[in-house]
Every structure is written in structure tokens, then in C-alpha cells.
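Understanding the architecture of this molecule
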Amino acid sequence: MSTQADIEVSYDVGNEFFALWLDEERNYSCALWEDGDDLETAQRRKLSYLGDLAGTGPDTAVLDVGCGWGANLAHQAAERGVRRLHGITLSPAQFGAVRERAIPGATVELCDYRDFTPAEPFDAVISIGMMEHIARPADVWSGANLAIYRDFFRRAHRWTRPGARFALQVILRDRVPRDRADLAELRWVTNSIFPGGMSPRLEDVLATAEPYWEVVGVRTRREHYRRTCAEWLRRLRANERLVRRRWGDRTFLDHERYLSVCVLAFAKRYQSLGQFCLERRSTP
């Protein structure tokens, strides 16, 4: 699991910094695009789609695991009418930002998911771009990651009531680069921007969701994430002078490099994006 220090490297650069190049709600994950969309529209479509997968509505209690700056919590409250929402995050900056938003019906907690114990079970779980942080590279190379993923699904099962649904969005490792330069760039992103994290493979999710959750649907959105990263990169470059002045040359250059690598990785199928619809099994 990424430590809080790791998470701070990834997400606590500055809330205002991310606001310059993410969408207006600061969704830091793949959007769902249709022709003619701007980033804001595509991100709202993604959140609505995940709400559909999780079955959120006025009478559902919803848990957001890795809630970021609260974009999904706010969307489920405003657009789906959810009246009880709870988010958990390991990022102090994101935790503070969610609290400041004062989203109706929403509470937020700064904690490791392994330490989370809800007061009442939830009807729906949504997790967007969090599963990439629960196994470290060494866990993947040793094979320990599968037990870690299975434990994550076991915990989500314990947090929910019978009939619950789980909408999971996660970056997936796909092809192994044969180009040494590409491999070095991917390794740099892992070590410098997202230390302590490693994406699962598609088959890892399918194998470890059982026996707790039935996989009833999965869509891959590789091209959607390539397009999302390309738009983030465009917005970052449009704010180059401001970023260099406020956060320094290194912050700009590192994030420009990272986003460029992401565009390449999705274009070359080194990475993909999975959206899973899971239904809780009554007995594991």
C-alpha cells in the first residue's frame, strides 16, 4: 500500500496547481468522451456512468474509496440525489478540500482503507483510480499483490449490505514495453510521480474479486484515457508560465514529462483503463 508520504508526493503538490489543468471539479481520472465534448462534459459523463454501475440514488448510502477532491461525492449528491455519502482518502490536501466544499449529506475521513470501519453498511461503493495504490511494485514482482487485491475486495464486501453494487475504475497494466526508452520513462513515472503504486492487470481484478463480488460487466477505455491525458497536457502547457513562477521549473517539467509518458503509454497499449460493475455475493 502506498504510504501517506507517497500519496502526498502524488496529490499534495497544491490544490490550485491541479485546478489549472484538470477540469473545474478536479477529476484526476479518465473521462468518458463523446464527439464534441470538452473535458468538463466528459468528466460528468464518467461520473454518471459510474453512478449507473453502482446503482446510486436518493435511497442509497454511497462510499467513495479514494475520493480525491470530492468531485464524485458532489456529483452523486447533486445529480443522483444521494443523501448519505462518505469518502475516504489518504491525502491531507484532498481531505481538507472536501471538507471545505461542505457537500450536502457527505462526510469525509482521512484514513487508510485498511483502518476503515463504517458505522453502518453501504448500499453502493465507487472507487476511481485508487486500486493502483494498494500494491507496491515489490508486491507485484513477488506475486503478493493478488492477496492484497483479494483482501481489498473482502473489506469492501464487509463494508456493504446484501445486494450492494461496486463501480470500480482502475488503470490496468497491458503490454510490457519492448522499447528500453519507453520502459525507462514508465519506471520514472512510477518512482517519481506515483511512488509506492502499481496498476493491476485485467486478469488480476477478475481473479481476486471472487468470491466476494460477481463481475457482471467490464469495459476498457484505453483511448478515452489517452485523450484525457492529452487534454491535461494541453492545459498544463497553456499555464506553463504561471506554474513555473508559483511552483518552480521542476514541477512543470516533471508533470509535463509524466503526462507525455501517459499519452504514449495509452497510445502504445502499455496501459489501459477498466470500468467494472460488481455485484456483492451474499456469502463468500
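The structure we're discussing is the one just above.
Here we summarise the structure given alongside this text. This is a predicted model, so every value here is computed, not measured.

1. Some thoughts on the packing of helix α8 (residues 180–192) against helix α12 (residues 249–267)
- Contact geometry of α8 with α12 gives a least axis separation of 10 Å together with a crossing angle of 125°. Taken together, the axis directions place α8 and α12 in an arrangement best described as oblique. Taken as a pair, α8 and α12 cross one another with a handedness that is left-handed. Touching Asp182, Glu185, Leu186, Trp188 and Val189 of α8 are Asp254, Arg257, Tyr258, Val261, Leu264 and Ala265, all from α12.
- Across the contact of α8 with α12, the residue classes break down as seven nonpolar, no polar and four charged.

2. Describing the pattern of salt bridges
- Following the criterion strictly, the structure yields 24 salt bridges and no others.
- As a salt-bridge pair, Asp37 and Arg45 come within 2.2 Å of each other at their nearest N and O atoms.
- Judged by relative accessible area, Arg45 falls into the partly exposed class, the value being 23%.
- Residue Arg80 is joined to Asp52 by a salt bridge in which the shortest nitrogen-to-oxygen separation is 2.7 Å. Here Arg80, found in helix α4 (residues 71–80), pairs with Asp52, found in helix α3 (residues 39–54); they are 28 residues apart in sequence, far enough to count as distant.
- Beyond isolated ion pairs, a larger network of salt bridges with shared partners links Glu40, Glu231, Arg234 and Arg235.

3. A few points about the sheet that holds strand β5 (residues 160–173)
- What the seven strands build is an open sheet, ordered β3-β2-β1-β4-β5-β7-β6; its pairing is mixed. Looking at strand neighbours, the two that pair on one side only are β3 (106–110) and β6 (213–220), the edges of this open sheet. Here the average twist between neighbouring strands, direction ignored, is 15°.
- With five bridges joining them, strand β1 (residues 61–65) and strand β2 (residues 84–89) adopt parallel strand pairing. From the neighbouring strand, Val65 faces β2, where its bridge partner is Ile88.
- Here helix α5 (residues 92–101) sits on the sheet and contacts β2 and β3; the angle it forms with β3, its principal contact strand, is near 160°.

4. Comments concerning the packing of aromatic side chains
- In this structure the tally under the stated criterion is 20 aromatic pairs.
- With centroids separated by 6.0 Å and ring planes inclined at 75°, the aromatic side chains of Trp21 and Trp232 adopt a geometry described as edge-to-face. You can see Trp21 sitting in helix α2 (residues 15–21) and its partner Trp232 sitting in helix α10 (residues 222–238), a full 211 residues away along the chain.
- A relative accessible area of 0% means that Trp21 is categorised as buried.
- For the ring pair Phe194 and Tyr258, a centre distance of 5.5 Å and an interplane angle of 75° mean the geometry is edge-to-face. Here Tyr258 lies in helix α12 and Phe194 lies in the loop between α8 and α9 (202–209), a separation of 64 residues in the sequence. No difference in accessibility class separates Phe194 from Tyr258, as the two residues are buried.
- Members of the aromatic cluster, each reached through a chain of ring pairs, are Phe17, Phe18, Trp21, Tyr28, Trp69, Phe194, Tyr225, Trp232, Trp247, Tyr258 and Phe266.
- Above the face of the Phe122 ring, Arg84 is positioned so that its terminal group lies 4.6 Å from the ring centre.
- One Lys or Arg, Arg257, reaches over the ring of Trp188 and ends 4.0 Å from the middle of that ring.

5. Things to note about the layout of surface pockets
- In this model, the second largest pocket occupies a volume close to 150 Å³.
- Residue assignment for the lining of the second largest pocket shows that the elements contributing at least two residues are α3 and α4.
- Partitioning the lining of the second largest pocket into residue classes produces four nonpolar, three polar and six charged.

6. Points about α12
- In this model, α12 (19 residues) spans 27 Å end to end at C-alpha, consistent with the 27 Å of a helix rising 1.5 Å per residue.
- Taken together, the buried positions of α12 are Thr251, Phe252, Asp254, His255, Glu256, Tyr258, Leu259, Val261, Cys262, Val263, Ala265 and Phe266.
- Looking at the packing, one finds that the buried side of α12 touches α2, β5, α8, α10, α11 (240–247) and β7 (271–280).
- Backbone geometry just downstream of α12 places Arg269 in the positive-phi region, at approximately 70°.

7. Things to note about the packing of α3 against α10
- Interaxial distance between α3 and α10 falls to 11 Å at its minimum, and their mutual angle equals 140°. Crossing angle aside, the handedness with which α3 passes α10 is left-handed. Across the interface between the two elements, Leu39, Glu40 and Gln43 from α3 touch Thr228, Glu231, Trp232 and Arg235 from α10.
- Taken together, the residues that form the contact of α3 with α10 break down as two nonpolar, two polar and three charged.

8. Overview of the side chain of Glu256
- Inspection of the secondary structure puts Glu256 in helix α12.
- Engagement of the side chain of Glu256 in a polar contact is seen with the side chain of Arg237, the distance being 2.9 Å.
- With residues near it in sequence (within four places) discarded, Glu256 still touches Leu233, Leu236 and Arg237.

About the criteria used
- Residues numbered from 1 in each chain as written.
- Predicted model: local features only at pLDDT ≥ 70, side-chain atom pairs only at ≥ 80, totals over all residues.
- Heavy atoms only, no water.
- Axes fitted to C-alpha atoms, helices over the stretch in contact; angles between N-to-C directions.
- Helix = DSSP H or I, 4+ residues; strand = E, 2+ residues; numbered from the N terminus.
- Parallel < 35°, antiparallel > 145°, perpendicular 65-115°, else oblique.
- Left-handed = near helix turned anticlockwise from the far one by under 90°.
- Contact = heavy atoms within 4.5 Å.
- Nonpolar A, V, L, I, M, F, W, Y, C, P; charged D, E, K, R; others polar.
- Salt bridge = Lys/Arg side-chain N within 4 Å of Asp/Glu carboxyl O.
- Buried < 20%, exposed > 50% of the residue type's maximum accessible area, 1.4 Å probe, protein only.
- Pairing = 2+ DSSP bridges.
- Phe/Tyr/Trp six-rings, centres within 6.5 Å; stacked < 30°, edge-to-face > 60°.
- Lys NZ or Arg CZ within 6 Å of the ring centre and 35° of its normal.
- 1 Å grid on protein atoms, 1.4 Å probe; cavity = no way out; pocket = protein on both sides within 12 Å on 5 of 7 lines; lining within 4 Å.
- Points joined across faces, edges and corners; volume = space filled by probe spheres on them.
- Expected span 1.5 Å × (residues − 1).
- Polar contact = N/O pair within 3.5 Å; in protein donor to acceptor, adjacent residues only side chain to side chain.

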